[in-house]
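# Descriptive analysis of the structure
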Amino acid sequence: GALRREYLNLPCEFEVFDRFKLRKEQFIQEFPFQYYVLTPLTTSKEIVFNSFVHHFAVLTSLRDQFPIVGLVVKALLFLLHVLMYGSVLFFLFNRKESLALRFLVAVPVIILMFALTALVFRYVESRYLLPIHPFMTITLAYYIFLTWNKIKAYRLKSN
């Protein structure tokens, strides 16, 4: 790793780090269920029900100049995000698809999301979720395609 500048090396830095590490270990010993189950579930909820648009500067200017447009864009991105996660869960429990295909597409999303929230991070940051977006996009596109075909079949049947 890169060496830090000398003035950044504080004498108490390692002591503070060790205290935080000790406090974390004590918390895990006292409340393992909360640390390994409840906190990841809460974090997962924050991941699913979030639009992750706070870093789009254009939405800030839209919100200032055209508040309705900014709100609509944010709402659409929120809906897209929730639908993407929903499509993964629906795909996992859809019995019409082969078991191998369901696990190939849905399980990486669930494993990565659990690993990120339970083992690595205790907060939500969108850049770490980017590897699961292709899987979610595939499942959402698949269900949009199925829905479109059902609508076309219904139209043909009704004519």
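This section reports on the structure supplied with the text. (Residues numbered from 1 in each chain as written. Predicted model: local features only at pLDDT ≥ 70, side-chain atom pairs only at ≥ 80, totals over all residues. Heavy atoms only, no water.)

What follows deals with the overall build of the protein chain. Scanning the protein chain for helices and strands turns up six helices and zero strands. The order of α-helices and β-strands along the protein chain, N terminus first, is α-α-α-α-α-α. Each of the 159 residues in the protein chain was classed as buried or not, and the buried ones make up 24%. Of the contacts made within the protein chain by residues no fewer than 6 positions apart, 65% connect residues no fewer than 24 positions apart. Carbon and sulfur atoms provide 70% of the accessible area of the protein chain, an area that totals close to 12200 Å². (Helix = DSSP H or I, 4+ residues; strand = E, 2+ residues; numbered from the N terminus. Buried < 20%, exposed > 50% of the residue type's maximum accessible area, 1.4 Å probe, protein only. Contact = heavy atoms within 4.5 Å. Areas by Shrake-Rupley, 256 points an atom, 1.4 Å probe, with all protein chains shown as cover.)

This part covers the nonpolar core. Judged by nonpolar contacts, the single largest core of 16 residues is most densely connected at Tyr85, Leu129, Ile132 and Met136. With sequence-adjacent residues up to four places away left out, Ile132 is seen in contact with Tyr85, Pro108, Val109 and Leu112. (Core = buried A, V, L, I, M, F, W, Y, C linked by side-chain atoms within 4.5 Å.)

As a further point, take the environment of Leu112. Checked against the element boundaries, Leu112 lands in helix α5 (residues 99–120). C-alpha of Leu112 to C-alpha of Leu129: the two residues are 17 residues apart in sequence and 8.3 Å apart in space. Excluding anything up to four places from it in sequence, Leu112 contacts Pro131 and Ile132.

This part is about the pattern of salt bridges. Using the criterion set out here, one finds one salt bridge in the structure. Where Arg19 meets Glu15, a salt bridge forms, and the shortest distance between an N and an O atom there is 2.9 Å. Placement of the pair is Arg19 and Glu15 together in helix α1 (residues 13–30), with a separation of four residues, close to one helical turn. On the basis of relative accessible area, Glu15 is assigned to the partly exposed category, the value being 44%. (Salt bridge = Lys/Arg side-chain N within 4 Å of Asp/Glu carboxyl O.)

The next thing to look at is a nonpolar patch on the surface. A grouping of Phe33, Tyr36, Val37, Leu38 and Leu41 is seen on the molecular surface, where their side chains present a nonpolar patch of about 470 Å² in accessible area. Structurally, the position occupied by Leu41 is in helix α2 (residues 32–48). Looking at Leu41, the relative accessible area reads 54%, which means it is exposed. (Patch = residues over 30% accessible without salt bridge, like charges linked within 9 Å, V, L, I, M, F, W, Y side chains within 5 Å.)

The subject of this paragraph is the side chain of Thr139. Here Thr139 lies in helix α6 (residues 133–158). The exposure class of Thr139 is buried, given its relative accessible area of 1%. Setting aside anything within four residues of it in sequence, one finds Thr139 in contact with Met84, Ser87, Val88, Phe91 and Val105.

A few words on α2. Between its terminal C-alpha atoms α2 stretches 24 Å, which fits the 24 Å expected from 17 residues at 1.5 Å a residue. Considering bend angle alone, the principal kink of α2 is centred on Leu38 and spans about 30°; proline Pro40 follows within four residues of it. For α2, the complete set of buried residues consists of Tyr35, Pro40, Thr43, Ser44, Ile47 and Val48. (Expected span 1.5 Å × (residues − 1). Bend = angle between axes of the 7 residues up to and from the residue.)

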